[in-house]
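Next come the chains, spelled out residue by residue.
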Amino acid sequence: MSRLIVVSNRVTPPGPEGASSQGGLAMAMSAALREYSGIWFGWSGQSTPEFTGEISMQSAGGVTVATMDLEEQDIQEYYNGYANGTLWPLFHYRIDLTQYERSFGAGYERVNARFADMLMPLIEPDDLIWVQDYHLIPLGRALRERGAKNAIGFFLHIPWPARELMATLPQHRQLVEAMFHYDVVGFHTDEWKNAFNNYVLHEVGGMQLTDGSVRAFGRTTLPRAFPIGIDAKGFAALKQSDAGIESYTRMIESKAGRKMLLGVDRLDYSKGIDERLLAYERLLNDSPELKRQIFMLQISTATRTELDAYQDIFARLDSISGRINGSMAEMDWIPIRNVHRMHSREELAGIYRAADVGLVTPLRDGMNLVAKEFVAGQDEDDPGVLVLSRFAGAASQMREALIVNPFSQEDVADGIRRALAMPKDERKRRWRALMDGVERDDVVAWRDSFVQALESARDGGRKKRAPRIAATRGEG
Ligand code: ADQ
């Protein structure tokens with residue numbers, strides 16, 4: 001078996017403690033790399049006064065983790081700048097928040113070149129290289145420029161935007177051209193893949209080949225959908241752990257017979273948290289009989305706090321929930337419990353289990369793992385109901401959820417009403433179908449299908465090269 005080299009912006013060594021402090025990508029990579037021999041390479045998350053080119057290697061949970069520190073200017077321009085100030089909002093359809101700064105683009109290229117310089121000495125000829133996410137789109141090209149002949153794949157964890165939005169990015173062609181240095185480019189859904197293909201075919205005059213690959217800029221790559229999943233069985237088991245049972249019991253007691261609506265999100269404007277709270281307010285105003293019968297637990301953890309847009313959403317969330325609570329709360333009931341702390345995986349599993357309705361209502365989301373965790377956290381005999389935004393990648397797989405439009409307060413309120421009134425039989429039927437999908441398309445299936453596609457690309461490449469070598473020899 002070839003070694004697998006995974007490269008991502010941040011690296012979080014596998015293990016329950018480290019994994020619980022990161023977002024979806026880290027959750028998935030920790031699970032995917034367990035059992036696999038290989039290296040996980042990326043930024044340590046630390047800054048250094050001057051870039052030293054030192055790599056720190058450690059072994060954790062069967063995975064070799066290699067990290068480097070970055071300079072403050074790199075972090076500002078590459079991480080806070082181009083990755084999270086430009087590409088994240090743009091790819092989530094928020095051109096109103098997108099920062100189009102040239103210095104960010106230069107920092108992005110510079111740090112990607114650093115990643116390539118540091119990675120090259122670690123690569124062996126048979127290694128499969130798997131690059132993760134929007135921080136590192138140019139890495140494949142940078143590795144090729146330094147002579148890497150390996151099969152290299154790329155996976156995008158966020159949506160690919162519509163062509164018209166992509167065109168607002170200065171040097172969008174250069175960014176897309178970088179995608180063609182990978183053998184395989186993966187997306188969560190056909191929708192994101194089709195948006196990529198649409199750009200290639202109509203913006204740069206590329207063509208689609210019969211095997212699904214696309215050709216442009218004189219190169220060919222294979223775009224494909226690989227829907228990411230969770231460690232479904234492992235997560236389902238967590239709710240029976242001591243900490244899982246404890247948090248479940250605590251929640252059940254504190255519910256005092258009321259129904260609980262649950263939101264769990266990284267505090268990000270793409271997650272539609274404001275809109276969700278406003279829809280909930282609308283529900284309570286339109287159906288006052290529900291007051292005192294239900295409450296919402298919204299768990300949202302701060303991330304990327306150096307960026308203004310993230311400080312704004314933090315303040316907005318507290319102000320909206322404060323206003324709703326201030327105007328509606330009674331001495332023994334508050335409509336919204338607004339929590340900002342991180343929870344362990346076990347605690348989270350127990351909280352999901354105690355919830356009656358899971359509210360996953362992003363305005364746009366590559367996949368959304370919370371939707372899958374909510375399902376895996378439920379009790380088979382009395383499961384809660386998932387209310388899911390049609391704009392989450394997860395909606396293309398999780399058809400038995402109640403699918404809503406998060407831009408419409410009335411639509412979300414209707415979805416919640418329907419979830420609260422759903423008979424047990426229907427809840428069980430829908431949950432079974434959802435859980436079957438979550439178990440089938442788990443994180444191991446995701447990893448294996450991507451690695452297989454990368455291996456086929458490598459073997460196909462070898463086959464293509466072999467006759468050419470023979471012909472050259474024949475001529476000589
Ligand atoms: P994220 O935007 O981070 O991921 P998501 O997929 O929902 O979004 O994953 C969030 C993860 O963080 C979940 O595993 C969740 O349990 C965890 N989490 C959130 N708040 C927490 C808290 N307070 N305590 C503990 N854990 C918490 C990106 C993309 C997604 C895509 C993933 C994976 O934006 O669309 O699904 O990558 O590809």
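The preceding data block contains the structure.
Residues numbered from 1 in each chain as written. Predicted model: local features only at pLDDT ≥ 70, side-chain atom pairs only at ≥ 80, totals over all residues. Heavy atoms only, no water.

**Structural notes on the packing of aromatic side chains**
Definition in use: Whether two aromatic rings pair depends on their centres lying within 6.5 Å, for rings of Phe, Tyr and Trp, where Trp uses its six-membered ring; planes under 30 degrees apart make the pair stacked, over 60 edge-to-face, and the rest tilted. Secondary structure elements are defined from DSSP: runs of H or I of at least 4 residues count as helices, runs of E of at least 2 residues count as strands, and each element is numbered from the N terminus. Here the term buried applies to any residue with accessible area under 20% of the maximum for its type, exposed to any over 50%, and partly exposed to those in between, with areas from a 1.4 Å probe on protein chains only.
Under the criterion given, the structure shown has 22 aromatic pairs. Taking the centre distance of 5.2 Å and the plane angle of 85° together, the rings of Phe155 and Trp446 count as edge-to-face. Residue Phe155 is found in strand β6 (residues 152–155), and its partner Trp446 is found in helix α17 (residues 443–475); the two are separated by 291 residues along the sequence. Phe155 sits in the buried class, given a relative accessible area of 0%. Between Tyr269 and Tyr310, the ring centres sit 5.4 Å apart and the planes meet at 50°, which makes this aromatic pair tilted. Taken together, the positions of Tyr269 in the loop between β11 (259–267) and α11 (273–286) and Tyr310 in helix α12 (residues 308–328) put the pair 41 residues apart, joining distant regions of the chain. Assigned by exposure class, Tyr269 and Tyr310 land together as buried. Put simply, the rings of Phe91, Trp160, Phe180, Phe187, Phe196 and Phe217 touch in pairs and so form one group of aromatic residues.

**Re helix α4 (residues 102–119)**
Selection rule: Multiplying 1.5 Å by the residue count of a helix minus one yields the expected span of that helix. By definition in these notes, contact holds between two residues if any of their heavy atoms fall within 4.5 Å.
A rise of 1.5 Å per residue sets the reference length of α4, with its 18 residues, at 26 Å; its end C-alpha atoms lie 26 Å apart and thus fit the reference within 8%. Residues of α4 that are buried make contact with β1 (4–10), β2 (38–48), β4 (63–71), α3 (72–91), α5 (139–145) and α7 (172–179).

**Remarks on the site of the ligand**
The condition is simple: It suffices for a single heavy atom of a residue to lie within 4 Å of a molecule or strand for the residue to be listed as near it. For this analysis, a polar contact is any N or O atom pair within 3.5 Å, provided that within protein one partner can donate a hydrogen and the other can accept it, and provided that sequence-adjacent residues contribute only side-chain to side-chain pairs. With residues, only the protein chains shown are counted as cover, and all accessible areas are computed by Shrake-Rupley using a 1.4 Å probe. Three residue categories are used. Nonpolar comprises Ala, Val, Leu, Ile, Met, Phe, Trp, Tyr, Cys and Pro, charged comprises Asp, Glu, Lys and Arg, and polar comprises the others, including Gly. Domain start and stop positions are those given by an automatic or database domain assignment.
Residues in contact with the ligand amount to 28 residues; listed here are only the nearest, His157, Arg266, Asp365, Leu369 and Glu373. For the ligand, a nitrogen atom lies 3.1 Å from a polar atom in the side chain of Thr301. Contact between the ligand and Arg345: an oxygen atom at 3.2 Å from a side-chain N or O atom of the residue. Here the ligand loses 97% of its free accessible area of 720 Å² to cover by the protein chains. Where the shell around the ligand is concerned, the elements lending two or more residues are α2 (24–33), β11, β12 (294–302), α13 (345–354) and α14 (369–376). Of the residues in the shell around the ligand, the class split is twelve nonpolar, nine polar and seven charged. In terms of domain composition, the shell around the ligand takes at least three residues from each of domain 1 (4–229 + 444–473) and domain 2 (234–440).

**Thoughts on the pattern of salt bridges**
Under the convention used in this document: Salt bridge criterion: a side-chain nitrogen from Lys or Arg within 4 Å of a carboxyl oxygen from Asp or Glu.
A full pass over the atoms with the stated rule returns 36 salt bridges. One salt bridge in this structure joins Asp74 and Arg114, with 2.4 Å as the shortest N-O distance. You can see Asp74 sitting in helix α3 and its partner Arg114 sitting in helix α4, a full 40 residues away along the chain. Exposure class is identical for Asp74 and Arg114. Each is buried.

**Considerations on the sheet that holds strand β13 (residues 336–339)**
Just so we agree on the cut-off: Strands are treated as partners if at least two bridges between them are detected by DSSP. Simply put, an axis is a line fit to the C-alpha atoms, just over the touching stretch for a helix, and the angle between two N-to-C directions goes from 0 to 180 degrees.
Strand order in this open sheet of six strands is β13-β12-β11-β14-β15-β16, and the pairing throughout is parallel. Two strands bound the open sheet, and with one partner strand each, they are β13 and β16 (402–404). The average angle at which neighbouring strand axes cross in this sheet is 20°, direction not considered. Bridging between strand β15 (residues 385–389) and β16 involves three bridges; their strand directions are parallel. Its bridge partner being in β16, Leu388 is matched across the sheet by Ile403.

**Overview of the environment of Ile416**
Summarising the element assignment, Ile416 is placed in helix α15 (residues 409–421). The spacing of Ile416 and Leu156 is 260 residues in sequence and 31 Å in space, taken between C-alpha atoms. Setting aside its immediate chain neighbours within four residues, Ile416 contacts Leu261, Leu283 and Leu359.

**Structural notes on empty space enclosed by the protein**
Just so we agree on the cut-off: Grid points spaced at 1 Å and placed over the protein atoms alone form the basis of the search, with a cavity being a set where a 1.4 Å probe fits but cannot get out and a pocket an open set showing protein on both sides within 12 Å along at least five of seven lines. Lining residues have an atom within 4 Å of a point. Grid points are joined across faces, edges and corners, and a volume is the space filled by probe spheres set on the points.
Applying the stated criterion to the full structure yields one cavity of 30 Å³ or more. By volume, the largest cavity is sized at about 70 Å³. In terms of lining, the largest cavity is formed by Phe374, Val375, Gln378, Gly384, Val385, Leu386, Glu400, Ala401, Arg427, Arg430, Trp431 and Leu434. Where the lining of the largest cavity is concerned, the elements lending two or more residues are α14, β15 and α16 (424–440). The leading source of residues in the lining of the largest cavity is α16, at four residues. Within the lining of the largest cavity, the residues separate by chemical class into seven nonpolar, two polar and three charged.

Don't take any of this as a statement about function, it's just geometry.
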